[in-house]
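Coordinate analysis (summary)
Spelled out from the first residue to the last, the chains are:
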Amino acid sequence: MEKREDLRSILPYLGVVVEGSSLQWPSSVIEPLKAISRGPGHSGIQSGELLFLAISDLRHSLSLSSQRLSASASHGYALLFDELLSTAQSTKWFAEVLPALANLLLLFPSLLEFHYRNADALIDGVQTGLRILNSQQSGIVFLSQELIGALLTCSFFCLFPTSNRDAKHLPMINFDHLFSCLYETNDEKMENKIKCIIHYFERICSHMPTGLVSFERKVLPLEDVALCVTYPKADSWSKSATPLCHFEVHRSGLIEDQSKEALEVDFANRYLGGGALRRGCVQEEIRFMINPELIAGMLFLPSMADNEAIKVVGPERFSNYTGYASSFRFAGDYVDKRDVDFIGRRKTKIIAIDALCGMRMRQYRLEYLLREINKAFCGFFYQSKCQQYQRLFKGDGPCGAQLDQGIQGSDSISRSNRSVGLQEAPYVSVGTNEGIHGDEQIGNFEEKGGPSLEHQYDVGVVTGNWGCGAFGGDPEIKTTIQWLAASQALRPFISYHTFGVEALKTLDEVFVPFTLETSQ
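What counts, and where the lines are drawn
Residues numbered from 1 in each chain as written. Predicted model: local features only at pLDDT ≥ 70, side-chain atom pairs only at ≥ 80, totals over all residues. Heavy atoms only, no water. Salt bridge = Lys/Arg side-chain N within 4 Å of Asp/Glu carboxyl O. Buried < 20%, exposed > 50% of the residue type's maximum accessible area, 1.4 Å probe, protein only. Helix = DSSP H or I, 4+ residues; strand = E, 2+ residues; numbered from the N terminus. Pairing = 2+ DSSP bridges. Axes fitted to C-alpha atoms, helices over the stretch in contact; angles between N-to-C directions. Parallel < 35°, antiparallel > 145°, perpendicular 65-115°, else oblique. Left-handed = near helix turned anticlockwise from the far one by under 90°. Contact = heavy atoms within 4.5 Å. Nonpolar A, V, L, I, M, F, W, Y, C, P; charged D, E, K, R; others polar. Phe/Tyr/Trp six-rings, centres within 6.5 Å; stacked < 30°, edge-to-face > 60°. Core = buried A, V, L, I, M, F, W, Y, C linked by side-chain atoms within 4.5 Å. pLDDT = per-residue confidence, 0-100.

1. Things to note about the pattern of salt bridges
With the rule as written, the count across this model stands at 25 salt bridges. Residue Asp6 pairs with Arg4 through a salt bridge whose shortest N-O separation is 2.7 Å. Both residues of the pair, Asp6 and Arg4, belong to the buried class. With a closest N to O distance of 2.8 Å, Glu264 and Arg287 form a salt bridge. Of this pair, Glu264 sits in strand 6 (residues 262-268) while Arg287 sits in helix 11 (residues 283-290), and the two are 23 residues apart along the sequence.

Shown next as structure tokens:
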């Protein structure tokens, strides 16, 4: 176990230790966790104040006391469990949920061992074990929903070491800042963010889900790499022969409520999750609250560079909500009925891409337009279609015509005379299987006999005003950039939610005949 490179990369950030050939909690942690697992009669924990004292004791047993928690975290735990939750809900939490979470923590080392024993055999030829997915290194990690539950329980108890996370450009992962912000702001949105997470813990403690979730770092290499799509230069885009894909306009509805199987865009911070564990409460942060399993990626995914994106497949949604930003409110349970793929992941595909922020007039410069379109393309492309992208970027017209026949769905309209036009880096020829990553290798596995997923060409892009709002992007420019990127990535459609932005009120008229306004 201790010889595994993947485990060695993440071990300093987990809190558990290797003893012999097994993973364990330090012995000083086990007895306190056992007491909590037996309920308040044994642990004496019946309030948020006492819960935080227990958290502090556990951290001391892990030698984490020198890594100080946020100053107001103790007050936040007390505020939630002793004042904001009803007496009945708080009593149930300490009697049923907290003991179950302690049991999950006791299982954590064995869940990790099971994970690593099976990681190499999950998909033939794919490294899937939990590890730091460093910048500029494409890779994928598969985690069971039960292991994710244990990881998020560690976050709730603030048991992850944090001393070296900044040096690795890793986002925060413990929940101390989340609870501290609750106390410091006395803000309803913070209360409701935490209620989403509390609800998630209640759900998994009553019935543990059994699926898988994958987290993938996607990279467009800046230099030529065999069988990889590399970072396109401006000239590549001007020579593209790719037909524009079908464009749908939605004037109402939400990205996460769309019914088609599609890539759902996360308007991300370069640090995955953005302000999810602080005060943030806009598109990305809300998605992380209603699909809390996304938070697990914050443990091992360093910040994104300009040529990177992050793809998460399979996170379950647990909560309903209303509102946005300051009006955000938890609105009860949500039962996720999405189908699962042959590996056991829900067919929810989230693409995290970070836009440039505060660019003002500079956003119209070629260098920044190129950065944004390549960022979106990185999120949307299929690595296995390298040869097709090469021909399309070089302007080989017949390839575009042949592809057009292959990607028309029942809703597609004629694509004749539609071409992408912007302003080529040379691409290397394809020779080996080296360089294919993530879901593309899963596709190869399917071809060797695995049960088929829906045809990949059916998976379009569902998005909205990426990089606008607080980031200051021009909605019309960002709309066009995403459309071009989705088309170049050979996605069959882009489904665009305008969210009532005034600048996009005539979007369907501008893009006629490529659009179809829907009533959703």
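2. With respect to the pairing of strand 6
Counting buried positions along strand 6 yields 7 of 7 residues, so the element is predominantly enclosed. Pairing of strand 6 with strand 10 (residues 349-354) involves 6 bridges; the strand directions are parallel. Bridging from a neighbouring strand, Leu263 pairs with Lys349 of strand 10.

3. Observations regarding the packing of helix 4 (residues 48-61) against helix 5 (residues 73-84)
A pair of packed helices is characterised by two quantities: the angle between their axes and the separation of those axes. Look at helix 4 against helix 5: their axes get within 7 Å of each other, and the N-to-C directions meet at 140°. On the basis of their axis angle, the class for helix 4 and helix 5 is oblique. Both helix 4 and helix 5 take part in a crossing whose hand is right-handed. In contact with Gly48, Glu49, Leu51, Phe52 and Ile55 of helix 4, helix 5 contributes Ala73, Ser74, Tyr77, Ala78, Phe81 and Asp82. For the contact of helix 4 with helix 5, the residue count by class is 7 nonpolar, 2 polar and 2 charged.

4. Thoughts on the packing of aromatic side chains
Taken as a whole and assessed by the stated rule, the structure comprises 20 aromatic pairs. Ring geometry for Phe52 versus Tyr77: centroids 5.6 Å apart, planes at 45°, classification tilted. Linking Phe52 in helix 4 with Tyr77 in helix 5, this pair joins segments that are 25 residues apart in sequence. With respect to class, Phe52 is no different from Tyr77; both count as buried. Aromatic pair Phe156 and Phe157: ring centres 5.5 Å apart, planes at 80°, arrangement edge-to-face.

5. Some details on the packing of helix 6 (residues 87-119) against helix 9 (residues 188-206)
In the contact formed by helix 6 and helix 9, the axes pass within 10 Å of each other and the chain directions differ by 65°. Here helix 6 and helix 9 pass one another in a crossing that is left-handed. Taking contact as the criterion, the partners of Gln89, Trp93, Val97, Ala100, Leu101 and Leu104 in helix 6 are, on helix 9, Ile198, Phe201, Glu202, Ile204 and Cys205. Looking at the contact of helix 6 with helix 9, its residues break down into 9 nonpolar, 1 polar and 1 charged.

6. Re the environment of Ile30
Its location among the elements puts Ile30 in helix 2 (residues 27-37). For the pair Ile30 and Ser61, spaced 31 residues apart in the sequence, the C-alpha separation amounts to 9.6 Å. In this structure Ile30 touches Trp25 and Leu106, once residues within four positions along its chain are discounted.

7. A short note on helix 8 (residues 176-185)
Turning to helix 8, its buried residues are Asp176, Leu178, Phe179, Ser180, Cys181 and Leu182. The inward-facing, buried residues of helix 8 contact helix 5, helix 7 (145-156) and helix 9. Where helix 8 terminates, the next one or two residues include Asn186, which has phi positive at roughly 50°.

8. Overview of the nonpolar core
Within the largest apolar cluster, 93 residues are counted, with the highest numbers of intra-cluster contacts made by Phe81, Phe156, Phe157, Phe201 and Phe300. In terms of residue count, helix 6 provides more of this core than any other element does, 12 residues in total. Residues Phe267, Ala309, Tyr389 and Ala486 belong to the second largest nonpolar core, which totals 46 residues.

9. Quick word on the confidence of the model for the protein chain
Confidence in the prediction of the protein chain, expressed as mean pLDDT, is 86, and 85% of residues score 70 or more. This model gives residues 396-436 a pLDDT under 50, and the stretch forms 99 contacts once residues within four places in sequence are excluded. Long-range and interchain partners of residues 446-455, a stretch whose pLDDT sits below 50, account for 11 contacts in this model, where long-range means more than four residues apart.

10. Quick look at the environment of Ile148
Residue position: Ile148 is located in helix 7. Expressed as a C-alpha distance, the spacing of Ile148 and Val213, which sit 65 residues apart in the sequence, is 8.6 Å.

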